[in-house]
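Overview (structure and organization)
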Amino acid sequence: KARPGSLPPPAGPGRRSGRPGQRPRNEIGYHAVRTGDNPGEHTIVFGMLGETIELRVAAQLAPCDAMRQVFRDGRDPHRATAATLTGKPEAEVSAHERKLAKAVNFGVVYGQTAFGLAQELHIGRKEAADIIHRYFERYSAVKKFLDGLIAQAKEQGFVTTLMGRKRRLGDI
């Protein structure tokens, strides 16, 4: 049970957390959109599908031209990944293959190993490792970016957010 004035437990994925009435720091313009207030001259408000936000951010931070092109063309990033992994044209990718590619897209970006991917997709570890290898062949800039973050974290003991906050990682 939380003490009065203490922070609530962290929210699950996709949930907002914080004290009641407090806007999360990462939702610039959220209050303005919700209430109709004028967010200010220098505030940019935009919308996108929630399921592609992390991939769009990864494409920009990496910077990964192959992934960026998928978004520029208005293509479905999960269908594009499925096409890469199966060797099929995007139009021939099944709903099941797209669903698996979606798991791969998010798992790999968040550092999922072949063991974890194999468990999630109910496949063998060797097959999962092959999928990760093909993913990074196509999106090599993402691999380079993630490897750089890991190296930085190991060397400095922390990583820095875009807003300049440090996240200490003593156990990496």
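The text that follows walks through the structure, step by step, so that each part is easy to find. (Residues numbered from 1 in each chain as written. Predicted model: local features only at pLDDT ≥ 70, side-chain atom pairs only at ≥ 80, totals over all residues. Heavy atoms only, no water.)

Looking at the element boundaries, Glu97 is found in helix α5 (residues 95-109). Glu97 gets classed as buried once you look at its relative accessible area, which sits at 18%. Residues contacting Glu97, with those up to four places away along its chain left out, are Ala82, Thr86, Lys88 and Glu92. For Glu97, the side chain forms a polar contact with the side chain of Lys88, separated by 2.8 Å. (Helix = DSSP H or I, 4+ residues; strand = E, 2+ residues; numbered from the N terminus. Buried < 20%, exposed > 50% of the residue type's maximum accessible area, 1.4 Å probe, protein only. Contact = heavy atoms within 4.5 Å. Polar contact = N/O pair within 3.5 Å; in protein donor to acceptor, adjacent residues only side chain to side chain.)

Of the residues making up helix α3 (residues 65-72), those classed as buried are Ala66, Met67, Val70 and Phe71. Buried residues of α3 fall within an arc of 140° about the axis and therefore sit on the same side. Opposite the packed face of α3, turned more than 90 degrees from it, sit the exposed residues Asp65 and Arg72. Lining the buried residues of α3 we find α2 (53-61), α4 (77-86), α7 (125-138) and α8 (140-156). Of the residues flanking the end of α3, it is Gly74, one or two places downstream, whose phi is positive at about 75°. (Arc of directions from axis to C-beta.)

One pass over the structure, following the stated rule, counts 2 aromatic pairs. Of the aromatic side chains, those joined through ring pairs into one cluster are Tyr135, Phe136 and Tyr139. Across from the ring centre of Phe136, 5.2 Å away, lies the NZ or CZ of Lys143, which sits over that ring. The ring of Phe158 has Lys166 sitting right over it, with the charged end atom 4.6 Å from the ring centre. (Phe/Tyr/Trp six-rings, centres within 6.5 Å; stacked < 30°, edge-to-face > 60°. Lys NZ or Arg CZ within 6 Å of the ring centre and 35° of its normal.)

The next point concerns the pattern of salt bridges. One pass over the structure, following the stated rule, counts 7 salt bridges. With a shortest N-O distance of 2.7 Å, Arg75 and Glu90 are connected by a salt bridge. Here Glu90 lies in the loop between α4 and α5 and Arg75 lies in the loop between α3 and α4, a separation of 15 residues in the sequence. Residue classification places Glu90 among the partly exposed residues on the basis of a relative accessible area of 24%. (Salt bridge = Lys/Arg side-chain N within 4 Å of Asp/Glu carboxyl O.)

With 28 residues, the main nonpolar core has Met67, Val104, Tyr135, Tyr139 and Val142 as its most contacted residues. Put simply, the parts of the chain that give this core at least two residues each are α2, α3, α4, α5, α6 (114-121), α7 and α8. Those residues in contact with Val142, other than ones at most four positions away along the chain, are Ala62, Cys64, Met67 and Phe136. (Core = buried A, V, L, I, M, F, W, Y, C linked by side-chain atoms within 4.5 Å.)

A few words now on α6. For an α-helix, the turn length of 3.6 residues means that residues three or four places apart are oriented alike. What α6 keeps buried is the set Ala114, Gly116, Leu117, Ala118 and Leu121. At its buried positions, α6 is contacted by α5 and α7. Two residues or fewer past α6, His122 is found with a positive phi of approximately 60°.

A cluster of nonpolar side chains, namely Ile53, Val57, Leu61, Leu162 and Met163, defines an oily patch on the protein surface of about 510 Å² accessible area. Its place among the elements puts Met163 in the loop between β1 (158-160) and β2 (166-168). Taking relative accessible area as the criterion, Met163 reaches 66% and is therefore assigned exposed. (Patch = residues over 30% accessible without salt bridge, like charges linked within 9 Å, V, L, I, M, F, W, Y side chains within 5 Å. Areas by Shrake-Rupley, 256 points an atom, 1.4 Å probe, with all protein chains shown as cover.)

Attention shifts here to the environment of Gly170. Position of Gly170 relative to the elements: it lies in the segment after β2. In sequence terms Gly170 and Ala153 are 17 residues apart; their C-alpha atoms lie 8.7 Å from each other.

This part covers the side chain of Thr81. Secondary-structure assignment places Thr81 in helix α4. For Thr81, the contacting residues outside a window of four places in its chain are Ala101, Asn105, Tyr135 and Tyr139.

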